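# Fold and geometry: a report
Take a look at the letters that make up each chain.
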Amino acid sequence: MTDQPDRDQARDPQDLERLLIDRQLAGDIEGMVALFEPDAVIDTGAAELTRGHEAIRALFEAFAASWRKFQRGEQRPAAINGELALTSTRLADGSITSEVARRQADGTWLWVIDRYSVVW
């Protein structure tokens, strides 16, 4: 998926978290969705995974309506293997996120799997 020309693109998998938070703070839900592949999944800890852009958009719209904000944390260096990367961040509450990103044909990166917390 190609991002809109006026939006920064993730040239490194480490860019994705920063872009997600910046876009949330700007109220740019479409920009948030654009950081995920069309068939990406998000594990929020609910019984079922959030699958695909339509469901991801609805999730982010619900976040916006509740005024919940993602927090910046201590991002670990991405573990990159070919076209895949594992990204993760330790948040202030001690929880750790984990995400899998894939390099796109144009060299940018998009998330394909996002798990909000690896603690359960």
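Residues numbered from 1 in each chain as written. Predicted model: local features only at pLDDT ≥ 70, side-chain atom pairs only at ≥ 80, totals over all residues. Heavy atoms only, no water.

This part takes up helix α1 (residues 15-25). Of all 11 residues in α1, eight are buried, a share of seventy percent or more. Taken residue by residue, α1 has Asp 15, Leu 16, Glu 17, Leu 19, Leu 20, Ile 21, Arg 23 and Gln 24 as its buried positions. One or two residues past the end of α1 sits Gly 27, with phi positive at roughly 75 degrees. (Buried < 20%, exposed > 50% of the residue type's maximum accessible area, 1.4 Å probe, protein only. Helix = DSSP H or I, 4+ residues; strand = E, 2+ residues; numbered from the N terminus.)

Before going further, it helps to examine the nonpolar core. Core analysis: the largest hydrophobic core is formed by 22 residues, its most contacted members being Leu 20, Phe 36, Phe 60 and Phe 70. Looking at this core, the elements that each hand over two or more residues are α1, α2 (29-33), β1 (36-43), α3 (52-66) and β7 (109-115). Setting aside chain neighbours within four positions, we find Phe 70 in contact with Leu 20, Ile 21, Gln 24, Met 32, Phe 60, Phe 63 and Tyr 116. (Core = buried A, V, L, I, M, F, W, Y, C linked by side-chain atoms within 4.5 Å. Contact = heavy atoms within 4.5 Å.)

With that settled, the discussion passes to the pattern of salt bridges. This structure, assessed with the given rule, holds eight salt bridges. In this structure, Asp 28 engages Arg 7 in a salt bridge whose closest nitrogen and oxygen atoms are separated by 2.8 Å. Of this pair, Asp 28 sits in the loop between α1 and α2 while Arg 7 sits in the segment before α1, placing them 21 residues apart in sequence. Ionic pairing is found between Arg 103 and Glu 83, a salt bridge with its closest N-O pair at 3.1 Å. Of this pair, Arg 103 sits in strand β6 (residues 96-103) while Glu 83 sits in the loop between β4 (79-81) and β5 (84-90), and the two are 20 residues apart along the sequence. (Salt bridge = Lys/Arg side-chain N within 4 Å of Asp/Glu carboxyl O.)

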